[in-house]
Every structure is written in structure tokens, then in C-alpha cells.
Amino acid sequence: MNATIATEAPQPGSVQTFVRLRVVPMSLTEANHFVSEHHRHHDPVVGHKFCAAIADEWDKIRGVVIVGRPVNMQTDNGWTLEVNRCCTDGVANGCSMLYRTAWRAARAMGYTRLITYTLLEEGGRSLRGAGFKCVGERGGGSWNHKSRPRVDTHPTQMKWLWELQDAKQPNE
């Protein structure tokens, strides 16, 4: 898929620059490296089902998406995947393109639902642009328990749950 988008808002007196983006394959190692360099509040992930990236016309990676099984066991029903990381270098419309790519790939693999979470202060414009619907507030809190001690390196506040669901094949 190719998309022509503006890379940034034009500066006064300058001409708007457009960049053609395309979806390219990406390994988990490469995607995690990009996340380490660019994500505002999350570390790399341990596992995944698939990754994808967007590259510009000069083959520079401008964003990555990492998709895996849902972190919450209650939503891991065999038909649902979760966007665990979506990260760009700020390229305009990059997140929407990555979310839509993740949905197309998930559907091609037979999944009927794709979910992701955002912090309450994040607006969700990219998700709405990719067709996601906000389901409501969810969870938050720590994964640290006496029986399984952990150090929380992720935001622990409440989050928004977003989903895309195949209307022809509802999630079972």
C-alpha cells in the first residue's frame, strides 16, 4: 500500500513536502529497536504474532506496529489480536496507516477482532482514522503481585480500550 502524505506542517514561507509511504516487512528485533528509540512511554515487547513497518521513498523506516495475543487473558479467545505497540517518528498519518495495516493482516490470518489501549490523555485521532471504535475505560494498575513480583515500567493509570471487529464474523 502506498500513501502520499505530508511529513510535517509547512513552515512559514516554505513549500509543503509530501512523502510517499509504503508498508514493508519488519522483524520483531528491528521493530523493538525502533520502539526503544521512539516510543514515549513503553519498552519493547517480548513476543508477537507479526510486525509491519512503514518506510518512506528513501527506504527510511518511519513507523512500526507490533501485534500479538491480547495481554489480558479474558480477551484472549483465539479470535482477537492486540496492537501491543504502534510507534512512529512523527510522520503525518503514519499511525493510522499502521493500525489499518495491522487490521488487514489480522483479518487475512482469520482473526475477527483487533484491540489496543491508549492512555486517557491520548486523543485517539489515528485510531478513529483507521476505523477503530472506543469501547470505554479499562483497567490500569500494577502487574506486581506477591506471588509474581514485577517492576512496573509501563503507565499504570486507566486506559481507553479501542476495537475493530468484523461485522460479518462476530467475535466468539
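Let us look at the structure shown here. (Residues numbered from 1 in each chain as written. Predicted model: local features only at pLDDT ≥ 70, side-chain atom pairs only at ≥ 80, totals over all residues. Heavy atoms only, no water.)

The subject of this paragraph is the pattern of salt bridges. Summed over all chains, the structure comprises five salt bridges. A salt bridge links Asp56 to Arg62; its shortest N-O distance comes to 3.4 Å. The exposure class assigned to Arg62 is buried, which follows from its relative accessible area of 12%. The shortest N-O distance in the salt bridge between Asp76 and Arg69 comes to 2.5 Å. One salt-bridge network, held together by shared partners, links Asp56, Arg62 and Asp89. (Salt bridge = Lys/Arg side-chain N within 4 Å of Asp/Glu carboxyl O. Buried < 20%, exposed > 50% of the residue type's maximum accessible area, 1.4 Å probe, protein only.)

Our next topic: the packing of aromatic side chains. How two aromatic rings sit relative to each other is given by the distance of their centres and the angle of their planes. The full count for this structure, using the stated rule, is one aromatic pair. Between Tyr99 and Phe132 the ring centres are 5.5 Å apart and the planes differ by 65°, which places this aromatic pair in the edge-to-face class. Of the two residues, Tyr99 sits in helix H2 (residues 94-108) while Phe132 sits in the loop between helix H3 (125-129) and strand E7 (133-138), which places them 33 residues apart along the sequence. In terms of burial, Tyr99 and Phe132 fall into one category: buried. (Phe/Tyr/Trp six-rings, centres within 6.5 Å; stacked < 30°, edge-to-face > 60°. Helix = DSSP H or I, 4+ residues; strand = E, 2+ residues; numbered from the N terminus.)

A few words on the environment of Thr88. On the secondary structure map, Thr88 appears in strand E5 (residues 80-88). Classification of Thr88 by relative accessible area gives buried; the value is 15%. For the pair formed by Thr88 and Leu98, sequence separation is ten residues and the distance between their alpha carbons is 9.1 Å. What Thr88 contacts, discounting residues up to four positions off in sequence, is Phe34, His38, Arg62, Gly63, Gly94, Cys95 and Leu98. Looking at Thr88, its side chain comes within polar contact range of the main-chain nitrogen of Gly90, at 3.0 Å. (Contact = heavy atoms within 4.5 Å. Polar contact = N/O pair within 3.5 Å; in protein donor to acceptor, adjacent residues only side chain to side chain.)

Okay, the nonpolar core next. The biggest cluster of nonpolar side chains holds 25 residues, and the ones touching the most others in it are Val65, Val67, Val83, Tyr99, Leu114 and Phe132. Of all the secondary structure elements, the ones that give two or more residues to this core are strand E2 (18-25), strand E3 (50-55), strand E4 (61-68), E5, H2 and strand E8 (159-165). Looking at which element gives the most residues to this core, the answer is H2, with seven residues. Setting aside chain neighbours within four positions, we find Val67 in contact with His48, Lys49, Phe50, Leu81, Glu82, Val83, Asn84, Ala102 and Leu114. One finds Phe34, Val35, Cys51 and Ala53 within the second-largest nonpolar core, a separate group that totals 13 residues. (Core = buried A, V, L, I, M, F, W, Y, C linked by side-chain atoms within 4.5 Å.)

A word on a positive patch on the surface. Positive charge collects at one region of the surface, where Arg100, Arg104, Arg107 and Lys168 lie side by side. Structurally, Arg104 can be placed in helix H2. (Patch = residues over 30% accessible without salt bridge, like charges linked within 9 Å, V, L, I, M, F, W, Y side chains within 5 Å. Areas by Shrake-Rupley, 256 points an atom, 1.4 Å probe, with all protein chains shown as cover. Lys, Arg positive; Asp, Glu negative; His and termini not counted. Charge placed at Lys NZ, Arg CZ, Asp CG, Glu CD.)

Purely geometric stuff here, so don't read any function into it on its own.
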